[in-house]
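Summary of structural features
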Amino acid sequence: MKPSYESPLASRYASKYMLHLFSPDMRFETWRRLWVSLARAQHELGLPVTQAQVDELAAHISPIDYDVVSAREKEVRHDVMAHIYAFGKDAPGAAGIIHLGATSCYVTDNADLILYRDALCHLRAELTAVMENLCDFAERYAAMPCLGYTHYQPAQLVTVGKRAALWLQDLRLDLEELDDVLSTIRFLGCRGTTGTEASFLALFDGDTAKIDEMNRRIAADFRFDRLYDVCGQTYPRKLDSRILNVLSSIAQSCYRFANDVRLLQHDRQLEEPFETSQIGSSAMPYKRNPMRCERICSLARFVMADAANAPMTASTQWLERTLDDSANRRISLPEGFLAADGILRLMQNVTKGLHVNEKIVEKFVLDYLPFIATENLMMAAVRRGGDRQQVHEIIREASMDATAKMKNGERWDLIAALAARREFGMTADEIRAELDPARYIGRCAEQTAAFTAKCRALCAGSAAAEDITL
């Protein structure tokens, strides 16, 4: 047992990939890669930085001596300067040119942009994997009738697959939003203390083309093709709002799915995966609790609440910058990503092994179908010569009586009750012929097939997480 607190997101929920992405090594090695990129661009554009210095920096990106960093930070109370000092100790021949013309946000903000971009790409791959699973499920059950609900009360029939398409549609909207955020992320570049690039005007003797080219080259090193047109010292914190909003949006969709599964598992219609040796309760051995879906809902609440952090930060940035964003962002952004990662990993597990208890689903359909079909039965009785108003009253009386018996736990048979009324004009067999469930699901199968085809096409552009270049 570890002696100090450890975030459950790290110990229980997030993937190794996401934990590595937001690890100190990844963050601070990214800082060093940014310093190497800056030095390389400055050398290539004629500043007094030698190729040997660039090579020396590149050779010492890792390992980082964190003891040296910690001791220096205690002395100077500045994390970036402590890392510059430690990098200079590792590459003494280049110590004098590290961070030339830059401010702290050159490494802190650009590193964040790189990490957030790659984290979003990873979540995209996880999200599309969930969508593919739901496509498979929806297509498999596209035509299987089930009881639909409005207000969580029995309504018209739908199909198991069409219901899955509703979950899938939420996720598709999230994917479109995520892609939009990814498409608009820009690089900050090296813009100086207030974003004016004044230090580089001095270094490049007023040659603005070289400043732009330096920033273009650094951005390209990290796979960015655009930079923010204007900035203060930081990149616009509005981006953090957009990022946490899309994480919240994914969490909302996953919560809706998991909550629906929990409701349906209560009725035994649907079940999340349950391993052979899994224990449902310490006191009740028979239990099969929907613990994965409960965990999805639990983590989703955290992500939705976490999303409030970014707009509060973005709205209170003073002029060219303030530092009250730092501590909040160190927690809210990584933790939001780790929690979303945990949610989508659970979603992949549940959607891959989602089980339909077909006989239970059929029983629900058959129990309520006579009520659902009453309008069709009324039309059929009228076609056989019945009086519409009289038939309506017969159905109303018989339905109310059947409902009362159902609620009282008594045996009831609406079909027999209608057939017993001579003026209704239909035998029990003729009534049953009107009760084919497939006649009451509308275009569910067609809608589901058309929609899953669109979702599969949208998912096809996703890169697997392991293909993401860091």
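Notes on the overall build of the protein chain
- Per the secondary structure count, the protein chain includes 20 helices and four strands.
- Relative to its length of 470 residues, the protein chain is extended, with a C-alpha radius of gyration of 31 Å against a globular reference of 23 Å.
- Taken over the C-alpha atoms alone, the protein chain extends approximately 105 × 50 × 35 Å along its principal axes.
- The buried share of the protein chain, taken over its 470 residues, is 49%.
- Here the contacts in the protein chain between residues at least 6 apart in sequence split such that 79% fall between residues at least 24 apart.
- Put simply, the protein chain shows about 22900 Å² of open surface, and 52% of that area lies on carbon and sulfur atoms.
- Positive and negative side-chain charges of the protein chain, numbering 56 and 64 respectively, have mean locations separated by a distance of 4 Å.

Brief notes about unusual backbone geometry
- Cis geometry marks the peptide bond from Ser62 to Pro63; its omega dihedral reads 0°.
- Along the chain, the position of Pro63 falls in the loop between helix H4 (51-58) and helix H5 (66-76).
- Of note, the phi angle at Glu197 is positive, near 65°, even though the residue is not glycine.
- Assignment of secondary structure puts Glu197 in the loop between helix H8 (160-184) and helix H9 (198-203).
- Here Arg223, not a glycine, exhibits a phi torsion of approximately 65°, which is positive.
- Turning to its location among the elements, Arg223 is positioned in the loop between helix H10 (208-221) and helix H11 (238-266).

A closer look at the confidence of the model for the protein chain
- Within the protein chain, residue pLDDT values average 90, and 95% of them lie at 70 or more.
- Low confidence marks residues 463-470, where pLDDT is under 50. Its contacts with residues over four positions away, or in another chain, come to 17 contacts.

Some words on the packing of helix H3 (residues 24-44) against H4
- Taken N-terminus to C-terminus, the directions of H3 and H4 make an angle of 165°; their axes are 9 Å apart at the nearest point. Relative to H4, H3 is oriented roughly antiparallel. Of the two elements, H3 crosses H4, and the hand of that crossing is left-handed. Counted together, Trp35, Val36, Ala39, Arg40 and His43 of H3 and Gln51, Val54, Leu57 and Ala58 of H4 form the full contact between these two elements.
- Classifying every residue of the contact of H3 with H4 gives six nonpolar, two polar and one charged.

Regarding the pattern of salt bridges
- Summed over the entire model, instances satisfying the criterion amount to 33 salt bridges.
- A salt bridge links Asp118 to Arg223; its shortest N-O distance comes to 3.2 Å. Remark: Arg223 occurs in the loop between H10 and H11 and Asp118 occurs in helix H7 (residues 105-140); sequence separation between them is 105 residues.
- The buried category is assigned to Asp118, whose relative accessible area is 1%.
- Arg223 gets classed as partly exposed once you look at its relative accessible area, which sits at 44%.
- Notably, a salt bridge pairs Glu176 with Arg172, separated by 3.3 Å at the nearest N-O pair. Taken together, the positions of Glu176 and Arg172, both in helix H8 and four residues apart, correspond to about one turn of that helix.
- Among the residues examined, Glu176 registers a relative accessible area of 36% and is labelled partly exposed.
- One network of salt bridges, in which partners are shared, links Arg27, Asp112, Asp240 and Arg329.

Quick look at helix H17 (residues 388-407)
- Compared with the 28 Å implied by 1.5 Å per residue over 20 residues, the 28 Å span of H17 between its first and last C-alpha is a close match.
- Along its buried surface, H17 packs onto helix H15 (358-372), helix H16 (374-383) and helix H18 (414-419).
- Its side-chain oxygen 3.0 Å from the backbone nitrogen of Gln389, Asp387 forms the N-cap of H17.
- Looking at the residues trailing H17, positive phi occurs at Gly409, about 80°.

What counts as what
Residues numbered from 1 in each chain as written. Predicted model: local features only at pLDDT ≥ 70, side-chain atom pairs only at ≥ 80, totals over all residues. Heavy atoms only, no water. Helix = DSSP H or I, 4+ residues; strand = E, 2+ residues; numbered from the N terminus. Rg over C-alpha atoms; globule rule 2.2 N^0.38 Å. Buried < 20%, exposed > 50% of the residue type's maximum accessible area, 1.4 Å probe, protein only. Contact = heavy atoms within 4.5 Å. Areas by Shrake-Rupley, 256 points an atom, 1.4 Å probe, with all protein chains shown as cover. Lys, Arg positive; Asp, Glu negative; His and termini not counted. Charge placed at Lys NZ, Arg CZ, Asp CG, Glu CD. pLDDT = per-residue confidence, 0-100. Axes fitted to C-alpha atoms, helices over the stretch in contact; angles between N-to-C directions. Parallel < 35°, antiparallel > 145°, perpendicular 65-115°, else oblique. Left-handed = near helix turned anticlockwise from the far one by under 90°. Nonpolar A, V, L, I, M, F, W, Y, C, P; charged D, E, K, R; others polar. Salt bridge = Lys/Arg side-chain N within 4 Å of Asp/Glu carboxyl O. Expected span 1.5 Å × (residues − 1). Polar contact = N/O pair within 3.5 Å; in protein donor to acceptor, adjacent residues only side chain to side chain.

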